[in-house]
Amino acid sequence: MEIKNLTCITCPLGCSLTVRQENGQILDISGNTCPRGADYARQEILSPSRTVTTTIEVKNGTERMLPVKTAHEIPKDKIMDCMKCIKKIRVQAPVHIGDIILENAAGTGTAVIASKTVQKADSDL
């Protein structure tokens, strides 16, 4: 039997969770004070996923860097593949919050979107 300890991140309580599993099957989840904690533990053990956040270069913008993120969580084992794809991208200003920067990042079916608006720089400056 394997025992994993997790800290729930679904609410500010930060419950200490204990997951007992055997042969890839969850036997028991304890320590949660609400059902969301058990759901979080189950998802984290069976199929961990994360939202990826980073920045990319903006050309001709009022700012040099644009914060971006995945529109949805992606499988944890695809994060580095996603980052390799994002690392190659440069965008031209203007860019608006919510604009799709990359579709289907690393074959995950999830887009990478702009997290901020960056205006085009005045050419007179």
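You'll find the structure just up there.
Cut-offs applied
- One numbering rule holds for all chains: residues counted from 1, following each sequence as written.
- Only residues with pLDDT of at least 70 get local features here, since the model is predicted, and only at 80 or more are side-chain atom pairs given and counted; chain-wide, interface and lining totals rely on the full set of residues.
- Side-chain figures throughout are based on the complete set of non-hydrogen atoms in the structure, without hydrogens or water.
- Residues belong to a common nonpolar core when they are buried Ala, Val, Leu, Ile, Met, Phe, Trp, Tyr or Cys residues joined through side-chain atoms within 4.5 Å.
- For each residue, the accessible area found with a 1.4 Å probe, counting protein chains only, is set against the maximum for its type, and the residue is called buried under 20%, exposed over 50%, and partly exposed in between.
- Helix and strand definitions follow DSSP, with helices as H or I runs of at least four residues and strands as E runs of at least two, each counted in order from the N terminus.
- We call two residues contacting when some pair of their heavy atoms lies within 4.5 Å.
- Salt bridge criterion: a side-chain nitrogen from Lys or Arg within 4 Å of a carboxyl oxygen from Asp or Glu.
- Here, any two strands with at least 2 DSSP bridges between them count as paired.
- With axes taken as lines fitted to C-alpha atoms, and helix axes fitted only over the stretch in contact, angles between N-to-C directions fall between 0 and 180 degrees.
- Nitrogen and oxygen atoms within 3.5 Å of one another constitute a polar contact, given that in protein one can donate a hydrogen and the other can accept it, and given that sequence-neighbouring residues count only through two side-chain atoms.

(A) Highlighting the nonpolar core. Among the nonpolar cores identified, the biggest contains 18 residues, and Ile56, Leu66, Val68, Cys82, Val91, Ile101 and Val112 are the most heavily contacted of them. Broken down by secondary-structure element, the contributors of at least two residues to this core are β5 (53-59), β6 (65-70), α2 (79-87) and β10 (112-114). Not counting the four nearest positions on each side in its chain, Val91 is found in contact with Ile56, Glu57, Val58, Lys59, Leu66 and Ile101. Ranked by size, the runner-up nonpolar core spans nine residues in total, among them Leu6, Cys8, Leu17 and Tyr40.

(B) The arrangement of the pattern of salt bridges in detail. Within this structure, the stated rule accounts for six salt bridges. Here Lys4 makes a salt bridge to Glu2, at a shortest N to O gap of 3.7 Å. In this structure Lys4 comes out as partly exposed when scored by relative accessible area, which is 33%. On the basis of relative accessibility, which here comes to 39%, the residue Glu2 falls in the partly exposed class. A salt bridge links Arg20 to Asp28; the nearest nitrogen and oxygen atoms lie 3.8 Å apart. What makes Asp28 partly exposed here is its relative accessible area of 31%.

(C) Quick look at the sheet that holds β5. Strand order in this open sheet of five strands is β8-β5-β6-β10-β9, and the pairing throughout is mixed. With one partner strand each, in any of the chains shown, β8 (90-92) and β9 (100-102) form the two edges of the open sheet. With strand direction ignored, the average angle separating the axes of adjacent strands in the sheet is 45 degrees. Relative to β10, β9 runs antiparallel, the two being bridged by two bridges. Following the sheet pairing, Ile100 is matched in β10 by Ile113.

(D) Summary view of the side chain of Ser49. When you line up the elements, Ser49 lands in strand β4 (residues 49-50). Judged by relative accessible area, which is 13%, Ser49 ranks as buried. Looking at Ser49, its side chain comes within polar contact range of the side chain of Glu73, at 2.7 Å. Contact partners of Ser49, with chain neighbours within four places excluded, come to Gln43, Glu73, Ile74, Pro75 and Lys76.

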